[in-house]
Every structure is written in structure tokens, then in C-alpha cells.
Amino acid sequence: MIPILEEVEKDGASWQEMCLRLGRILGLDSPVPGSVLRRARADDRFAAHLMICRGTPDLLKEALFDAGNRAFERPQDSAERSVTQLGRGLVSSLASWVADGARFAPKDLHEQRLSTCRSCPHLVDPPTKLVYRVALVGSSDQRVCHLCGCVATRKARVASEKCPAGYW
Ligand code: SF4
């Protein structure tokens, strides 16, 4: 399990609370579907992919509605909002996220954060798994923070992001 999921599960959170926490970590103002949380807990690659997609709304939307999530649906999920409603909420929150400028940090802050990451022992080469190769298209420095699974160049660009080790 990647460290960020330990944060989601800490203090014996209820299922609804865990869905909400994961949604917030991903930059949403709504909980993720139960199927997404179940898959993230069962599949480290998927969980890492979600973290990587945080800075890229289009990729994040694809991951949240990926057909592979269906295998993790359970009858109790029918009590959740409909997929259409959820989709509307997610699109809306992603749109607000971009619209309010939260997506990008100022250039000097971005550089400062990157400089810290580049000298950090937690910055490592990414696994050569397909999920990473797809998510890393367009990024020149592909190294990831192994504490949260994010591509550091993307993570540093998102204004609301925080270093999981408290370095920035
Ligand atoms: S986000 Fe923090 S812990 Fe991760 S690589 Fe950057 S400085 Fe290190």
C-alpha cells in the first residue's frame, strides 16, 4: 500500500470518510466512487497512477471512470450518487480547480520546490510499468516521489500540493 492510502485510512475512518479523503487528496470536492477506493487499496499501480494524475484533470477523469473500476463495484455502491451525477460533480470540481488557478504554482515557487525535490533522497526513478509510461508522456524529468507516488515536476506545479515529508 502506498503511504498516501495510509493517510486515507488513519484513525479508523468510515468508508464514506475514506472516499471523501481520497477525493480531497485528488483535488476534488466530492468523494471518489467506492469502486475507485477499493481498486486503489488492492492495486498499488492504480493508486500510484491516481496520484500522478492529480495535476492533470483529463488523465484523472479517465482514471476515475476507467472500465477496470467496474470489477470493484459492490451492491452497496448503488446507494452512492448515480454515475451521471458523480460525473457532473467531478467535471465541475475539476473545472473549478483549473478555473480558480489552483493548478499552477508561480514559476519561482515551482523552481524552488523542484530544487528541493531534486536533492531529496525520496526522489526515485519511476517503475517501468505501463501505467507510469502512459502517465508520464510529456514530462521531461520522470522521477517520482516515492512517499506519495507523484511525478515531482507535476506535483511541484500544482499550487495546492504539499510535500509529504514537510520539506515544502
Ligand atoms: S515531494 Fe518532498 S518528499 Fe517527495 S521528493 Fe519532493 S521534497 Fe522529497
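How each quantity is defined
- Residues numbered from 1 in each chain as written.
- Predicted model: local features only at pLDDT ≥ 70, side-chain atom pairs only at ≥ 80, totals over all residues.
- Heavy atoms only, no water.
- Helix = DSSP H or I, 4+ residues; strand = E, 2+ residues; numbered from the N terminus.
- Buried < 20%, exposed > 50% of the residue type's maximum accessible area, 1.4 Å probe, protein only.
- Contact = heavy atoms within 4.5 Å.
- Areas by Shrake-Rupley, 256 points an atom, 1.4 Å probe, with all protein chains shown as cover.
- Phe/Tyr/Trp six-rings, centres within 6.5 Å; stacked < 30°, edge-to-face > 60°.
- Lys NZ or Arg CZ within 6 Å of the ring centre and 35° of its normal.
- Near = heavy atom within 4 Å.
- Nonpolar A, V, L, I, M, F, W, Y, C, P; charged D, E, K, R; others polar.
- Salt bridge = Lys/Arg side-chain N within 4 Å of Asp/Glu carboxyl O.
- Expected span 1.5 Å × (residues − 1).
- Arc of directions from axis to C-beta.

Draft legend 1. Local environment of the overall build of the protein. Check the secondary structure of the protein and you find nine helices and two strands. Ordered by position in the sequence, the α and β elements of the protein form the string α-α-α-α-α-α-α-β-α-β-α. Residue burial in the protein is summarised as follows: out of 168 residues, 46% are buried. For the protein, the share of sequence-separated contacts (at least 6 apart) that also reach a separation of at least 24 residues comes to 59%. Surface summary for the protein: the accessible area is close to 8800 Å², and the carbon and sulfur share equals 53%.

Draft legend 2. Structural view of the packing of aromatic side chains. Scanning all chains against the criterion turns up zero aromatic pairs. The lysine or arginine in question, Arg39, covers the ring of Phe46, its NZ or CZ lying 4.1 Å from the ring centre.

Draft legend 3. Spotlight on the site of the ligand. All residues adjacent to the ligand are Cys117, Cys120, His122, Cys145, Leu147, Lys155, Cys163, Pro164, Ala165, Tyr167 and Trp168. Among the residues forming the shell around the ligand, the class breakdown is nine nonpolar, one polar and one charged.

Draft legend 4. Spotlight on the pattern of salt bridges. Enumeration according to the criterion identifies four salt bridges in this entry. In this structure, Glu7 and Lys10 form a salt bridge, with 3.0 Å as the shortest nitrogen-oxygen distance. Overall, Glu7 belongs to the partly exposed group, its relative accessible area being 39%. A relative accessible area of 37% places Lys10 in the partly exposed class. A salt bridge links Arg39 to Asp66, with the shortest nitrogen-to-oxygen separation between them at 2.9 Å. Of this pair, Arg39 sits in helix α3 (residues 34-42) while Asp66 is found in the loop between α5 (57-64) and α6 (83-99), placing the two residues 27 residues apart along the sequence.

Draft legend 5. Structural detail: helix α7 (residues 107-118). Taking 1.5 Å per residue as the helical rise, α7 with its twelve residues ought to reach 16 Å, and the 16 Å between its terminal C-alpha atoms agrees with that figure. Along α7, the positions that sit buried rather than exposed are His110, Arg113, Leu114 and Cys117. Take α7 and look down its axis: the buried residues cluster within an arc of 100 degrees, on one side only. α7 presents Asp108 and Gln112 as exposed residues on the side facing more than 90 degrees away from its buried surface. In this structure, the buried residues of α7 make contact with β1 (123-124) and α9 (152-157).

Draft legend 6. Focus on unusual backbone geometry. A positive phi angle is found at Asp11, which is not glycine, with a value near 60 degrees. Mapped onto the fold, Asp11 is located in the loop between α1 (3-9) and α2 (15-25). Accessibility expressed as a relative area gives 68% for Asp11, which makes it exposed.

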